[in-house]
Amino acid sequence: MKAESLRKHEVNFPLSPFRFHLIYGLTVNDVSVFVGIFFQTFAVLVHGSETVIPPIKGLSDTDYWTSREALDSKELPKELAIIGGGVIGIEFATFFTSMGVKVKVIEMMPEILGAMDKEASAMLRSEYAKKGVEFHLNTKVTEVNPKEVIVEKDGKTNAIPADKILVSVGRR
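What you see is a predicted model; the values in this text were computed from it and never measured. (Residues numbered from 1 in each chain as written. Predicted model: local features only at pLDDT ≥ 70, side-chain atom pairs only at ≥ 80, totals over all residues. Heavy atoms only, no water.)

J.: Which residues make up the sheet that holds strand S4 (residues 102–106), and what values go with them?
T.: Pairing is parallel across the open sheet formed by four strands, whose spatial order is S5-S4-S3-S9. The sheet terminates laterally at strand S5 (134–136) and strand S9 (164–167), the two strands that pair on one side only. Each adjacent strand pair in this sheet contributes to an overall mean axis angle of 20°, direction not counted. As defined by bridge partners, strand S3 (residues 79–83) adjoins S9 across four bridges and the pair is classed as parallel. Residue Ile82 lies in a different strand from S9, and its bridge partner there is Leu166. (Pairing = 2+ DSSP bridges. Helix = DSSP H or I, 4+ residues; strand = E, 2+ residues; numbered from the N terminus. Axes fitted to C-alpha atoms, helices over the stretch in contact; angles between N-to-C directions.)

As structure tokens, this is what we get:
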């Protein structure tokens, strides 16, 4: 990416180039191994992002989770509806399924993991379905409430029950 394009997106640059050194090593079974030294003239330091919260009817009146609340939770829901089948949503589907939670992934696109290889995404979805993850693809969330997610697919409206809703449609 060229510097002009980065500046257009409000990425700031130092006044002059800088250098930093990273010495990388690891210790295995009390034996330290030197791996290498890396020299860098320019780097992009990313300080964080925030969850995108879509304008879904009833969401602001519902005690939903983002990835932050899901990680902080001390309790497991019985049923979890994950709105968004991207990398973060699927990561949480994997975790919560392994903890015995009934997980339902709701994705607007025809396949999970949007930008990834479609064949690999379909294979991964198939494996997770065998483990009990329920997928709702090509499905639009129209409304939520504390006990269910109202969705629309092919002109039909359905309710997907859930004790908790995890919103995972992206980050900015």
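J.: An account of the packing of aromatic side chains is requested, with residue identities and associated values reported.
T.: Applying the stated criterion to the full structure yields three aromatic pairs. Taken together through their ring pairs, the aromatic side chains of Trp65, Phe92, Phe95 and Phe96 make up a single cluster. (Phe/Tyr/Trp six-rings, centres within 6.5 Å; stacked < 30°, edge-to-face > 60°.)

J.: Residue-level account of the environment of Ile165, with values.
T.: If you trace the backbone, Ile165 turns up in strand S9. For the pair Ile165 and Lys147, spaced 18 residues apart in sequence, the C-alpha to C-alpha distance is 8.8 Å. Setting aside its immediate chain neighbours within four residues, Ile165 contacts Thr62, Tyr64, Trp65, Leu80, Ala81, Ile83, Val144, Asn145, Glu148 and Val149. (Contact = heavy atoms within 4.5 Å.)

J.: Can you break down the pairing of strand S8 (residues 156–161) residue by residue, with the values?
T.: Here strand S7 (residues 148–153) runs beside S8; their pairing, made up of six bridges, is antiparallel. Bridging from a neighbouring strand, Glu148 pairs with Pro161 of S8. In this structure, the hairpin formed by S7 and S8 is closed by a connection of two residues, where Asp154 is found at a positive phi of approximately 55°.

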